[in-house]
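Structural overview for review
Below, each chain spelled out in residue letters.
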Amino acid sequence: MHSKFDSGRVARIIDQALVYQCACPAQVCSALIGLRDLYDYQQKCMDATDNDRRVHETIAAAAAQAHALLEQCLQDVLVIEGWDVQTLRMPDNLRKKSVKTGV
Amino acid sequence: MSSAVESAALLVVDEDDYALAMLLDGLRTAGFTQVAGCNALARVADHEPALIIFNLHAPIADAHAHFQFIKRAHPKVSILLLVAPGEIQRQVDAWADEPALVDVTLAKPLREGLLSATIRQLLAVRAPDLLSEQRNRNLASILPQAAVDTAQALDHAVQLDERSILFTDVRGSSTLIERLEVKEFFDGLNDSLTAQAASVRRNQGEVIKFTGDGMMAVFRGMARVHLALRCALELQRLDATQAHDSTRRRFGVGIGLADGLVLSGFVGDSTRRQYDVIGANVHLAARLCALAPAGHIVLPQDTLARAYLPVANVTALGALAIKGFSLAVRCCAIGVADSETSER
């Protein structure tokens, strides 16, 4: 499955969002990780019958489609929120917001 | 119980300064009063927390070994991990077969309030222990540890043990009281006693009591004479430093040291008792302290020999008749190089 954001970049985004209120991109990242796990699972699942193979292919294709859609969404959200796309540093205005909230 | 939970010592370990500051701030806002932070896993040994919160940003090669070490060294410490989903979470999940290694793992991003609620749950289980530890800490700040131990044993038994006993006493305090404002005198005296008590602790001794303008401390164990004399020499150096510091009032102290069997336990009536250490050797140390000019240490010759510490400026005082002792005691005085620092 093609990825615009590798595991390290996804983890970095999540890592900067300690609290839910400032974690919209992190929530998208969590969903991406879930889809990657789902895709990997289907790839490794046993194809005992032709029917099994069709089930796994259908799920893997849907996971890949959803993954591509959410990756584009993540890219757009990062731009809207003003993240530095090279360093993936959370913008200061969002960081300040997180400090004010509880843990 | 809740106060024991909220005043439990928490340590946050986070290599990212910003995230560390944010976590510390958030935990304090959530009501935890004893929260400290550090950047490195290796610095955990500098603290004695009830709970350690690790905010892991990336898989760590030796994290497992570190957690194992922490749990072995501090079995009562709870460990809470904050991890991002993905590789690092898979690393932590692989430790699932070792339930004693990590107490709780929370995946980031955290729902608001989840971290503090989880901490409260973890600590609530240990609330009775935490309360007891907190009481011990409170008691230890006003009593010698030996007194706390004896009180907890509940039998209030008197113990006979070998101890080194150190007495200090401010020289010329009557003159100082006349010369200084009351507050200035008390501040100076308390500064001096604080420095003396710190030196006792550094040398593994414990202050039994403050005796007006001095103190009594004891040292235990095989190296007690060595440690007691090392402490006395430290106090002497402190005194010499103060003597050359023209900006401060000098609270020069004389020091007496003795070693031998002592009785320790609670003395007093049924309504009020206090922990004390008594006996002939305690009297001897007190009497020798009375003989010591400011900046000097007076001790029995045989005690000096058993300290195994190279000492300069030793003057033999010969066999001294000490009040309350039928036999004379061969004593010596350890002075300072600069005679100007000494005054009786």
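That block above? That's the structure.
Here's a quick rundown of the structure. Just so it is clear, the structure is predicted and the values come from calculations on it, not from any experiment.

Before going further, it helps to examine the overall build of chain B. If you tally the helices and strands in chain B, you get 12 helices and 13 strands. Per-residue burial over chain B gives 46% buried out of 344 residues. When the accessible surface of chain B is split by element, carbon and sulfur atoms take 53% of a total near 17,300 Å².

This next bit is on the side chain of Ser7 of chain B. Residue and element names in this part refer to chain B. Locating Ser7 in the fold gives a position in the loop between helix H1 (2-6) and strand E1 (9-13). Note on Ser7: relative accessible area 18%, which makes it buried. For Ser7, the contacting residues outside a window of four places in its chain are Thr33, Gln34, Gln134 and Arg137.

By size, the foremost hydrophobic cluster in this structure holds 39 residues, and its most contacted members are Phe54, Phe67 and Leu81 of chain B. For this core, the elements supplying multiple residues, two or more each, are helix H1 (7-15), helix H2 (24-44) and helix H3 (50-81) of chain A together with E1, strand E3 (51-55), helix H3 (63-73), strand E4 (78-83) and helix H4 (87-93) of chain B. Per-element tally for this core: the top contributor is H2 of chain A, with 5 residues. The residues contacting Leu81 of chain B, other than those within four sequence positions of it, are Phe54, Leu56, Phe67, Val92, Trp95, Val102, Val104, Thr105 and Leu106 of chain B. Counting residues in hydrophobic clusters, the runner-up holds 32 residues, among them Leu193, Met215, Ile255 and Leu257 of chain B.

The partner chain B presents 24 residues to the 21 residues of chain A that form the contact. The tally of links from chain A across to chain B stands at 1 salt bridge. In this structure, the salt-bridge partner of Asp37 of chain A is Arg90 of chain B, at a minimum N-O distance of 3.4 Å. At the boundary of chain A with chain B, the tally comes to 1 residue pair in polar contact (both at pLDDT 80 or more). Considering every element that reaches the side of chain A that touches chain B, the biggest residue donor is H2 of chain A, with 5 residues.

Now for the sheet that holds E4 of chain B. Sheet strands pair via backbone hydrogen bonds, and the direction of the pair is either parallel or antiparallel. All names here are of chain B. Taking strand neighbours across the sheet as the criterion, the 5 strands line up as E2-E1-E3-E4-E5 in an open arrangement whose pairing is parallel. In this open sheet, the two strands that pair with only one neighbour each are strand E2 (34-38) and strand E5 (104-107). For this sheet, the mean angle separating the axes of adjacent strands, direction not counted, is 20°. Across 4 bridges, E4 lies against E5 in parallel orientation. By the bridge assignment for E5, Leu80 is matched with Val104. Against the sheet, helix H2 (residues 17-29) makes contact with E1, E2, E3 and E4, and its axis sits at roughly 175° relative to E2, the strand it touches most.

Here is what the cut-offs are and how they apply
- Residues numbered from 1 in each chain as written.
- Chains lettered and ligands numbered in written order.
- Predicted model: local features only at pLDDT ≥ 70, side-chain atom pairs only at ≥ 80, totals over all residues.
- Heavy atoms only, no water.
- Helix = DSSP H or I, 4+ residues; strand = E, 2+ residues; numbered from the N terminus.
- Buried < 20%, exposed > 50% of the residue type's maximum accessible area, 1.4 Å probe, protein only.
- Areas by Shrake-Rupley, 256 points an atom, 1.4 Å probe, with all protein chains shown as cover.
- Contact = heavy atoms within 4.5 Å.
- Core = buried A, V, L, I, M, F, W, Y, C linked by side-chain atoms within 4.5 Å.
- Salt bridge = Lys/Arg side-chain N within 4 Å of Asp/Glu carboxyl O.
- Polar contact = N/O pair within 3.5 Å; in protein donor to acceptor, adjacent residues only side chain to side chain.
- Pairing = 2+ DSSP bridges.
- Axes fitted to C-alpha atoms, helices over the stretch in contact; angles between N-to-C directions.

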